[in-house]
Amino acid sequence: MAQFQYFQHIVILTGAGLSAESGVSTFRDKDGIWSKYDYRDVATPQGFARNPQLVHDFYNERRRAHAGVKPNAAHVALARIEREHAGDVVVVTQNIDALHEAAGSINLIHMHGELLSALCAACGARHAWEEDLGVETACIACGKTGGMRPDVVWFGEMPYHMERIAEALAAADLFLSIGTSGNVYPAAGFVAEARTHGAHTVELNLEPSDGASFFAEAIHGPATQIVPAFVERLLSAR
Ligand SMILES: [Zn+2]
């Protein structure tokens, strides 16, 4: 493999393909969660207004399943870049699981929210949350019931931290997209934004994504194999 130059500002976008090998169900694959549930019922503000308990049950099931999953070699490799690379490294994840932080990533942006966080619609407080949520759950901050919701970004809602992400993309000299389908905006547009600002762009995915042609370089295969190998190559360019 070609020797890398040294990169000062690395932005890493991750998606469902990264966590799939940890056993986290994906949403958009052929047998994914959206083949079994209608997203309009369980992942929109309108669905929550119509039947909040159904939405709570859906996320309670995901939260319980999450207790049994562990970060894989790809998560661990990405935490290693942050620890061992002298430049800035930020991970922007579309995943709502907590596997990046479990692997040791610190400079981490959850653009689609977090499964293990609850948000109070009454007062805006966020609480770390590992238990079930329900319509009777009271907010620890304001005491109100009925307003607690999963702290995840639903269809039709604005992703979190878009300003911070735009700043990171503008400064990036290396942009990696890992395990993401390339057809969900705004994340699918990040590669074009990073390229505009002069970043080298690399896709690491099981197979060529819908956006593969936007990348300067592409590596295809299981994340647990290609991500650690790529990180090794990156860190050897010091
Ligand atoms: Zn509250």
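The coordinates are above.
Only a predicted model underlies this, so the values are computations on that prediction, with no experimental measurement involved. (Residues numbered from 1 in each chain as written. Predicted model: local features only at pLDDT ≥ 70, side-chain atom pairs only at ≥ 80, totals over all residues. Heavy atoms only, no water.)

## Focus on the sheet that holds strand β5 (residues 126–128)
Strand pairing in a sheet relies on backbone hydrogen bonds. The paired strands run either parallel or antiparallel.
So, step 1. Strand order across the open sheet formed by three strands is β5-β4-β6, with antiparallel pairing between neighbours. The sheet is open, and its two borders are formed by β5 and β6 (148–152), each paired with just one other strand. Between one strand axis and the next, the sheet turns through 40° on average, direction left out of account.
So, step 2. Bridging between strand β4 (residues 113–120) and β5 involves three bridges; their strand directions are antiparallel. Directly across from S117, in β5, lies its bridge partner A128. (Pairing = 2+ DSSP bridges. Helix = DSSP H or I, 4+ residues; strand = E, 2+ residues; numbered from the N terminus. Axes fitted to C-alpha atoms, helices over the stretch in contact; angles between N-to-C directions.)

## Examining the coordination of the zinc ion
So, step 1. At the metal site, the zinc ion is ligated by C120 (SG), C123 (SG), C139 (SG) and C142 (SG), and these contacts range over 2.3 to 2.4 Å.
So, step 2. In this structure, the zinc ion is coordinated by four donor atoms arranged in tetrahedral fashion, with angles at the metal of 105 to 114°.
So, step 3. Positions of the donor residues of the zinc ion, expressed as sequence spacing, correspond to C-x2-C-x15-C-x2-C. (Donors = N, O, S within 2.8 Å, 3.2 Å for Na, K, Ca; no water. Tetrahedral: all angles 85-135°; square planar, octahedral: opposite > 155°, others 65-115°.)

## Section: helix α4 (residues 52–66)
So, step 1. Along its 15 residues, α4 runs 21 Å from first to last C-alpha, staying within 8% of the 21 Å computed at 1.5 Å per residue.
So, step 2. For α4, the full list of buried residues reads V55, H56, F58, Y59, N60, R62, R63 and H66.
So, step 3. Contacts from the buried residues of α4 go to α2 (39–42), α3 (45–50), α6 (99–103), β4 and β6. (Expected span 1.5 Å × (residues − 1). Buried < 20%, exposed > 50% of the residue type's maximum accessible area, 1.4 Å probe, protein only. Contact = heavy atoms within 4.5 Å.)

## Considering the nonpolar core
So, step 1. Membership of the largest hydrophobic core comes to 24 residues, with the highest contact counts inside it found for I12 and V227.
So, step 2. For this core, the elements supplying multiple residues, two or more each, are β1 (9–14), α5 (73–84), β2 (88–93), β7 (174–178), β8 (200–205) and α9 (223–235).
So, step 3. Excluding residues that lie within four positions of it along the chain, I12 makes contacts with L78, I81, V89, V90, V91, V92, L176 and I178.
So, step 4. L13, I109, A187 and F190 belong to the second largest nonpolar core, which has 17 residues in total. (Core = buried A, V, L, I, M, F, W, Y, C linked by side-chain atoms within 4.5 Å.)

## Re α9
One turn of an α-helix holds 3.6 residues; hence residues three or four places apart share an orientation.
So, step 1. Between the first and last C-alpha of α9 there are 18 Å, a value that for 13 residues agrees with the 18 Å anticipated at 1.5 Å per step.
So, step 2. Every buried residue of α9 is listed here: A223, I226, V227, F230, V231, R233, L234 and L235.

## Observations concerning the pairing of β6
So, step 1. Burial analysis of β6 places five of its five residues in the buried class, the great majority of the element.
So, step 2. Pairing analysis gives five bridges linking β4 to β6, with the strands arranged antiparallel. Bridge pairing in β6 places L119 opposite R149.

## Here we look at unusual backbone geometry
So, step 1. With omega at 10°, the peptide bond leading from Y185 into P186 counts as cis.
So, step 2. Inspection of the secondary structure puts P186 in the loop between β7 and α8 (190–196).
So, step 3. Although it is not a glycine, H161 adopts a positive phi angle of roughly 60°.

## Observations regarding the pairing of β4
So, step 1. Counting buried positions along β4 yields six of eight residues, so the element is predominantly enclosed.
So, step 2. The turn linking β4 back onto β5 is made up of five residues, and G124 within it adopts a positive phi angle of 85°.

## Here we look at the packing of aromatic side chains
Two aromatic rings, taken as a pair, are described by how far apart their centres are and by the angle between their planes.
So, step 1. Counted by the stated rule, this structure contains ten aromatic pairs.
So, step 2. A centroid spacing of 4.7 Å and a plane angle of 75° characterise the contact between Y37 and F58, whose relative ring orientation is edge-to-face. Highlighted residues: Y37 in the loop between α1 (16–20) and α2 and F58 in helix α4, separated in sequence by 21 residues.
So, step 3. Y37 sits in the partly exposed class, given a relative accessible area of 29%.
So, step 4. Note on F58: relative accessible area 2%, which makes it buried. (Phe/Tyr/Trp six-rings, centres within 6.5 Å; stacked < 30°, edge-to-face > 60°.)

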